[in-house]
Amino acid sequence: MKKIALATMAAMGAIALPTAAQAQTDTTKPDVTIGATVGLHDLGIDLGDFDADDGDLDDLNIDDSGEIYGGFVAVDFPIGNSLFAGVEGNASFGSGPIDAEYGASARLGFRTEGGAKIYARGGYQWVDLDAGNLAGIPDFDEDEFGLDTTVGDYLVGVGVEVPISSVVLRANVDTIAFDTLRGTVGVGFKF
């Protein structure tokens with residue numbers, strides 16, 4: 001029984017060692033993280049906002065949610081022992097009603113003793129819409145009609161990053177102008 005208890009304590013110590021080592025990293029240098037993300041972006045289109053004289057908009061079936069796949073680069077600068085401020089850039093391509101999206105934001109948050117980061121962010125995000133897919137017309141070519149389908153507005157959100165050695169697991173929830181909802185998860189590498 002004592003052997004099992006000692007083996008369990010040794011295993012717990014081995015598991016805790018990387019976390020303790022992570023907490024001892026140099027807090028005077030900026031953290032640079034580069035990674036990939038995947039998520040779902042709900043554009044929040046409400047057909048009740050449109051006034052239609054030629055029919056009932058409730059009969060239209062618009063799928064305004066699309067998956068997004070992309071990457072990010074974040075640089076965080078320590079402010080004191082646990083606070084940090086930083087910047088982040090992102091770019092993604094999408095499916096369904098989203099062709100692509102990209103943006104930049106500022107981050108402000110705190111770092112836990114184990115190295116996890118919890119932050120709020122704000123910035124600007126552009127979304128290039130696939131008008132044909134959004135309207136249910138798959139062969140519609142926006143370029144043929146000279147349509148600019150890229151829209152942009154301010155972004156606000158919250159996120160968390162959890163380090164596992166030099167790898168970072170992250171999750172974010174954002175909104176663009178409080179009209180859309182976007183959730184992403186990802187993995188990054190610290191440099």
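In this report, we go over the structure that sits alongside the text. (Residues numbered from 1 in each chain as written. Predicted model: local features only at pLDDT ≥ 70, side-chain atom pairs only at ≥ 80, totals over all residues. Heavy atoms only, no water.)

**Some details on the overall build of the protein chain**
Applicable threshold: Helix and strand assignments come from DSSP, with helices taken as H or I runs of at least 4 residues and strands as E runs of at least 2, each series counted from the N terminus. For every residue, the accessible area (1.4 Å probe, protein chains only) is compared with the maximum for its type, and the residue is labelled buried under 20%, exposed over 50%, or partly exposed between those bounds. Residue contacts are defined here by distance: any two heavy atoms, one from each residue, within 4.5 Å place the two residues in contact. Using a 1.4 Å probe, accessible areas were evaluated by the Shrake-Rupley method; residue-level cover was limited to the displayed protein chains.
From N to C terminus, the protein chain includes two helices and eight strands. Out of the 191 residues in the protein chain, the part that is buried amounts to 31%. A separation of at least 24 residues holds for 58% of the contacts in the protein chain among residues at least 6 apart in sequence. For the protein chain, the exposed surface amounts to about 11400 Å²; the carbon and sulfur share of it is 64%.

**Digging into a nonpolar patch on the surface**
Counted only if it meets this: Patch members must show over 30% relative accessible area and no salt bridge, and they are joined within 9 Å when carrying like charges or within 5 Å when they are nonpolar side chains of Val, Leu, Ile, Met, Phe, Trp or Tyr. Basic side-chain nitrogens of Lys or Arg form a salt bridge, by our definition, when they fall within 4 Å of a carboxyl oxygen of Asp or Glu.
A cluster of nonpolar side chains, contributed by Ile 79, Leu 83, Leu 108, Phe 110, Ile 118, Val 160, Val 162, Ile 164, Leu 169 and Val 187, occupies part of the molecular surface with about 800 Å² of accessible area. Secondary-structure elements contributing two or more residues to the nonpolar patch are strand E4 (98-111) and strand E6 (150-164). Sorting elements by how many residues they give to the nonpolar patch places E6 first, with three residues. Topologically, Ile 164 is positioned in strand E6.

**With respect to the environment of Asp 99**
Tracing the backbone shows Asp 99 in strand E4. Between the C-alpha atoms of Asp 99 and Asp 128, which are 29 residues apart in sequence, the distance is 5.5 Å.

**Observations concerning the pairing of E6**
The condition that has to hold: When DSSP finds two or more bridges between a pair of strands, those strands are recorded as paired.
Two elements, strand E5 (residues 117-129) and E6, share 12 bridges in a ladder whose sense is antiparallel. From the neighbouring strand, Asp 128 faces E6, where its bridge partner is Thr 150. The pairing of E6 with strand E7 (residues 167-176) spans 10 bridges and is antiparallel. Its bridge partner lying in E7, Glu 161 is registered against Arg 170.

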